[in-house]
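# Structural characterization, general
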Amino acid sequence: AGLHAAAVAKGKVYFGSATDNGELTDAAYLAQLSNKEDFGQITPGNAQKWDSIEPTQGTFSYTKGDVIADLAAKNDQKLRCHTLVWHSQLPSWVSSGTWTNETLIAAMKNHITNVVTHYKGKCYAWDVVNEALNEDGTYRTNIFYQTIGEAYLPIAFATAAAADPDVKLYYNDYNIESSGSKSTGAQRIIKLVQQYGAKIDGVGLQAHLIVGSTPSQSAQATNLAAFAALGVDIAYTELDIRMTLPSTAALLAQQATDYKNTVAACVANTKCIGVTIWDYTDKYSWVPSVFSGQGAALPWDENLAKKPAYEAILSALGGT
Ligand code: G3I
């Protein structure tokens, strides 16, 4: 059995991977991505972002996102849809537009309503708002916060729920995998949306982690318990664990331990419903292009061979 099969046997909804349109012409890559023993869920890495779908106001382009959605349907994999409201990969007509409270709310609602309606019935979950927080837990000053204030968060969730009452709605962020100011900030956002009377189903912990400084299983367990106490589901949504290159046997062993601790923390919390890695092979990881000299962050190497992290994840999921 593979990662997804083992996750399901543990009562989880899925184990999955992100992917991206350009990689799908790689036949060997596509074959492993489509192997449902390992992956019961996929996430489009870029295809559903605002700049991809609505590059100019009111013109919606679903071609790339539909390729990933169709692939998920063909493979009988769940689709995590990513993402509706984010400061990055935001077209300049939004980020540099001249807005009032009223006009930006209208543009945001129009985007969310169109996109969620288009994918209605196809997504297991939407990352409704992505990365709204600074590291100290205060709100990031993006165009939405600057123009609308914190109300943009509950408005976004309420708009998504109105367009598709059945899809699960998540707040998603990084560096919220252990307790601290930013994790507390994410808990504040969940409570804000709940107090507004809007639906929020889950929190996504991106988990872009670092070999040797990944939070321990017990530190992650404490953090998961704080989110679970708010009544929301939890998912690890973008897990990868990077190292300073070159990769060595010792680093690969530490990486395996770090993956095991993270996946085991999810296994141990009944509100944690699944784990997604941010692509599965080092061949297509985003890490080296952003963190110079770092990489090798995923459980499959650049030749699509399994690394020690694979067996560690499988064993954390109770598989063999
Ligand atoms: O599509 C263009 C292509 O036309 C152009 O030729 C090429 C030249 O550089 O760029 C292509 O766009 C790139 C895009 O990925 C698609 O490959 C962008 O430059 C590049 O910045 C973009 O990076 C993405 C990144 O988000 C942007 O913030 C990564 O692929 C994607 O994995 C990454 O994902 C994010 C999550 O959405 C949110 N959490 C963090 C995570 C990692 O940064």
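Residues numbered from 1 in each chain as written. Predicted model: local features only at pLDDT ≥ 70, side-chain atom pairs only at ≥ 80, totals over all residues. Heavy atoms only, no water.

Put simply, the rule is: UniProt positions are given in the numbering used here, feature names are shortened, and annotations may be inferred rather than shown by experiment.
Looking at an unreviewed UniProt entry, one finds the protein named Beta-xylanase, with Penicillium olsonii as its source organism. Here the protein is described in UniProt, under the heading Subcellular location (unreviewed entry), as follows: "Secreted".

### What to know about the nonpolar core
Cut-off, in case you're wondering: By convention a nonpolar core is built from buried Ala, Val, Leu, Ile, Met, Phe, Trp, Tyr and Cys residues, the set being connected through side-chain atoms within 4.5 Å. Here's how the labels work: a residue is buried when its accessible area is under 20% of the maximum for its type, exposed when over 50%, partly exposed in between, all with a 1.4 Å probe on protein chains only. Think of it this way: any DSSP run of H or I at least four residues long counts as a helix, any run of E at least two long counts as a strand, and we number them from the N terminus.
Counting 96 residues, the largest nonpolar core has Trp126, Val129, Phe144 and Tyr171 as its most contacted members. If one sorts the elements of this core by residue count, helix 8 (residues 152–163) sits on top with eight residues.

### Brief notes about the site of the ligand
Put simply, the rule reads: A cutoff of 4 Å decides nearness: a residue is near a molecule or strand if any of its heavy atoms lies inside that distance of it. Here a polar contact is taken to be a pair of N or O atoms separated by no more than 3.5 Å, where protein atoms must pair a possible hydrogen donor with a possible acceptor and residues adjacent in sequence count only if both atoms sit in side chains. For accessible areas, the Shrake-Rupley method is used with a probe of radius 1.4 Å. Any residue's cover is judged against the shown protein chains and nothing else.
Contacts to the ligand come from 14 residues, most closely from Asn46, Lys49, His82, Glu238 and Trp278. Between the ligand and His82 there is a distance of 2.7 Å, counted from an oxygen atom to a side-chain nitrogen or oxygen. The contact in question runs from an oxygen atom of the ligand to an N or O atom on the side chain of Gln89, over 3.3 Å. Bound to the protein, the ligand loses 46% of the 780 Å² it would expose on its own.

### Brief notes about the state of the cysteines
As a reminder of what qualifies: Any cysteine sulfur atom paired with another within 2.5 Å is treated as part of a disulfide.
All told, the structure shown has two disulfides when counted by the stated rule. What pairs with Cys81 in a disulfide is Cys123, and their sulfur atoms sit 2.1 Å apart. Taking the sign of the S-S torsion, about -85° here, the bridge from Cys81 to Cys123 comes out left-handed. Placement of Cys81 in strand 3 (residues 78–85) and of Cys123 in the loop between helix 6 (101–118) and strand 4 (125–130) is noted, with a sequence separation of 42 residues between them. Here Cys123 falls in the buried class, since its relative accessible area comes to 10%. The partner cysteine of Cys266 in its disulfide is Cys272, sulfur to sulfur 2.1 Å. Taking the sign of the S-S torsion, about -100° here, the bridge from Cys266 to Cys272 comes out left-handed. Exposure remark for Cys272: the relative accessible area of 1% places this residue in the buried category. By sequence-ordered numbering of the bonded cysteines, the protein has its disulfides arranged as 1-2, 3-4.

### Overview of the packing of aromatic side chains
Note the following rule: Only Phe, Tyr and Trp rings are paired, with Trp represented by its six-membered ring, and only when their centres lie within 6.5 Å; those with planes under 30 degrees apart are stacked, over 60 edge-to-face, the remainder tilted. In this analysis the charged atom, NZ for Lys or CZ for Arg, is taken to sit over a ring once it is within 6 Å of the ring centre and within 35 degrees of the ring normal.
Applying the stated rule across the entire model yields 17 aromatic pairs. Judged by centre distance (6.5 Å) and plane angle (25°), the ring pair of Phe15 and Phe39 falls under stacked. With Phe15 in strand 1 (residues 14–19) and Phe39 in the loop between helix 2 (27–33) and strand 2 (41–44), the pair connects residues that are 24 residues apart, well separated along the chain. Of the two residues, Phe15 and Phe39, both sit in the buried class. Over the face of the ring belonging to Tyr170 we find Arg80, whose NZ or CZ atom lies 4.8 Å from the ring centre.

### Considering helix 4 (residues 63–75)
We count it as follows: By definition here, a helix of n residues has an expected span of 1.5 Å times n minus one. Think of the arc as the fan of directions from the helix axis to the C-beta atoms. Two residues qualify as a contact provided that any one of their heavy atoms is within 4.5 Å of a heavy atom in the partner residue.
Look at helix 4: 19 Å from first C-alpha to last across 13 residues, which is about the 18 Å you get at 1.5 Å a residue. Burial in helix 4 covers these residues: Gly65, Ile68, Ala69, Leu71, Ala72 and Asn75. Mapping the buried residues of helix 4 onto a view down its axis gives an arc of 155°, with all of them on the same face. Helix 4 presents Thr63, Ala73 and Lys74 as exposed residues on the side facing more than 90 degrees away from its buried surface. Of the surrounding secondary structure, the elements contacted by the buried residues of helix 4 are strand 1, helix 2, strand 2 and strand 3.

### Topic: the layout of surface pockets
Applicable threshold: Using a grid of 1 Å spacing that covers the protein atoms alone, one calls a set of points a cavity when a 1.4 Å probe fits there but cannot get out, and a pocket when the set is open and has protein on both sides within 12 Å along at least five of seven lines; lining residues are those with an atom within 4 Å of a point. Grid points are joined across faces, edges and corners, and a volume is the space filled by probe spheres set on the points.
As a volume, the largest pocket reaches approximately 600 Å³. Lining the largest pocket are 37 residues, and of these Tyr174, Gln206, His208, Glu238 and Trp286 lie nearest its centre. Sorting the residues of the lining of the largest pocket by element identifies strand 1, helix 9 (181–196), strand 7 (208–210) and strand 8 (233–244) as the ones contributing at least two each.

### Topic: helix 8
Taking 1.5 Å per residue as the helical rise, helix 8 with its 12 residues ought to reach 16 Å, and the 17 Å between its terminal C-alpha atoms agrees with that figure. With respect to burial, helix 8 is a largely interior element, 10 of its 12 residues being buried. Every buried residue of helix 8 is accounted for by Tyr152, Leu153, Pro154, Ile155, Ala156, Phe157, Thr159, Ala160, Ala161 and Ala163. Buried-residue contacts for helix 8 involve strand 3, helix 6, strand 4, helix 7 (143–148), strand 5 (168–173) and helix 9.

### Some thoughts on the environment of Asp301
Within the secondary structure, Asp301 is located in the loop between strand 10 (294–295) and helix 13 (308–316). Distance in space between the C-alpha atoms of Asp301 and Asn46 is 22 Å, their sequence separation being 255 residues. If near-sequence neighbours (up to four positions away) are discounted, Asp301 is found in contact with Thr281, Asp282, Lys283 and Lys307. Here Asn303 takes part through its backbone nitrogen, which lies 2.7 Å from a polar atom of the side chain of Asp301.

### Section: the pattern of salt bridges
As a reminder of what qualifies: Here, a salt bridge means any Lys or Arg side-chain nitrogen found within 4 Å of an Asp or Glu carboxyl oxygen.
If you walk through the whole model with that rule in mind, you get eight salt bridges. In this structure, Lys199 engages Asp201 in a salt bridge whose closest nitrogen and oxygen atoms are separated by 2.8 Å. Notably, a salt bridge pairs Lys307 with Asp282, separated by 2.7 Å at the nearest N-O pair. Placement of the pair is Lys307 in the loop between strand 10 and helix 13 and Asp282 in the loop between strand 9 (272–277) and helix 12 (287–290), with a sequence separation of 25 residues. The pair Lys307 / Asp282 is uniform in exposure class, with both members buried.

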